[in-house]
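Summary of structural features
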Amino acid sequence: MTKNKVLLTILPLTWPNMPPIGLGFLQAFLEEKGIGADIIDFNHYFYALSGQLLQKQWVVSCNTSFEETIFSLIRENHPDEFDNVIERMLAYDVIGFSCFKSNLSMSLCVAKVLKSKKTDVKLVFGGPEITRQFFKGDGVFREDIFQPADYLIVGEGEIPLLNYLSGKKCRGKVARFEQLQTLKDIPFPMYYGVDLKRYPKKHAIPLQFSRGCIRRCNFCSERLLYKGFRTRSRESILDEIAYHKEKNNTKYFIFYDSLINANIKELDLLCDGIIEKFGSIHWEAQIAVRNDMDQPLFYKMKQSGCYNLFVGLESASDNTLKNMNKGFSYDDALGFFNALHKERLFFGVSIIVGYPDETEEDFRNTLSFIIRNKKIIPQIAQVNPFTYYDGTNTDKMSDYKSNPVAMERMEIFVGEIKKNKIRHTNAFLGNLIEKNDRDK
Ligand code: SF4
């Protein structure tokens, strides 16, 4: 039986492949402040219990109807285990839920059960979906979220959760954007009590070197979650890599940063640090197209073990790039891809079709860019029609649901990349379209 009174948990459905990094940071932060908290990843627990068919559904993105039925499914398929999970949760005084769009429904259902059994259990909801819901309701939460919650965290979790747990007087039950001034001293996740060996992605760990983004793409939700851009100390991330290599035999390091090259100098020093300390590690990350990175840095990235990069190209039309506020041009993108190609750095690009005001010509320019440069762009990482995200600077009416042109362009794009034998993964073609719409 745990001695800790605080539980940090994540419920189905979310990606089950690696440990929940957000909870890892919260646990390490609270621990440093003298508050012990357990992490129990019930998402992974129920995923592991499920049969192959359900597991397959689990990793399908935007699977809304499945997300809404998973609570009943688990209760029916695993009644004893479900009851046991509730009992385990009720052993704690405070339970923090990490909420994503895909697990909000299950989190609310479980909250109801918990409150019906122990009225004084304190429930805290945080995570990106709570921030999205805040914007969706213009600062007012839906009743089914507001009512069961004792505390709601909009934005980053460390400071508000610490304040709440240490009994500091909080104004109302919604914390808004109370984030750490700096990440320089933030302790890294060690996942105490979590069996990392159980996760499907073997020998892999998520890392986060920075939070926030230096860019302001109009369609993106990143700036909603974090205000400004902050970087951890290089020493801390190198210590984290060393710790997981030694303790967990970790071989793959997956950066969850918005951009690994938001601060070029820091990236350069990070690569130096990896090379100096480890020679090379296997790492992957998201990266922005920039025209101010020198070739030696691309070389260093390769030397330090970068094996995969995700580039948010989105369009190769200067008009659309400008409308998106992407912060780079067609020429910048071409130069950047050539620089990656020169060092044999593997990467994939993501594309959005049907963005507001994208003309047929803009769309055709993007398509022909991809076909023309298929020798230097190793793969299409994902293609999606424009999808609106609450709180962003874009037109809701251009969302693919009310924009047949976006769907038509999507079909044309996918047909052309297949015809031209451009490398891609089927699961990421239209992965942001709700599954019900994909199946139509
Ligand atoms: S660069 Fe990426 S993370 Fe940053 S604002 Fe643009 S889309 Fe969002």
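See the structure above.
So, here's what we can say about the structure.

The subject of this paragraph is the site of the ligand. Every residue lining the ligand is accounted for by C213, R215, C217, F219, C220, S258, L259 and K326. Here the shell around the ligand is composed, by residue class, of 5 nonpolar, 1 polar and 2 charged.

On to the sheet that holds strand β4 (residues 122–126), then. The strand order β2-β1-β3-β4-β5-β6 describes an open sheet built from 6 strands, whose pairing is parallel. If you trace the sheet from one side to the other, it starts and ends with β2 (37–41) and β6 (174–176), each paired once. Each adjacent strand pair in this sheet contributes to an overall mean axis angle of 20 degrees, direction not counted. Of the pairings in the sheet, the one linking strand β1 (residues 6–10) to β2 comprises 5 bridges and is parallel in character. Among the inter-strand pairings, T9 is bridged to a residue of β2, identified as I40.

Right, let's talk about the side chain of N431 for a bit. Considering the arrangement of structural elements, one finds N431 in the loop between α17 (404–419) and α18 (435–438). A residue is classified by how much of its surface remains accessible, and N431, at 6% relative accessible area, is buried. In terms of polar contacts, N431 uses its side chain to reach the side chain of Q382, at 3.3 Å. The residues touching N431, leaving out its near neighbours within four places in the chain, are S61, C62, Q382, V383, N384 and R438.

Cut-offs and rules
- Residues numbered from 1 in each chain as written.
- Predicted model: local features only at pLDDT ≥ 70, side-chain atom pairs only at ≥ 80, totals over all residues.
- Heavy atoms only, no water.
- Near = heavy atom within 4 Å.
- Nonpolar A, V, L, I, M, F, W, Y, C, P; charged D, E, K, R; others polar.
- Pairing = 2+ DSSP bridges.
- Helix = DSSP H or I, 4+ residues; strand = E, 2+ residues; numbered from the N terminus.
- Axes fitted to C-alpha atoms, helices over the stretch in contact; angles between N-to-C directions.
- Buried < 20%, exposed > 50% of the residue type's maximum accessible area, 1.4 Å probe, protein only.
- Polar contact = N/O pair within 3.5 Å; in protein donor to acceptor, adjacent residues only side chain to side chain.
- Contact = heavy atoms within 4.5 Å.

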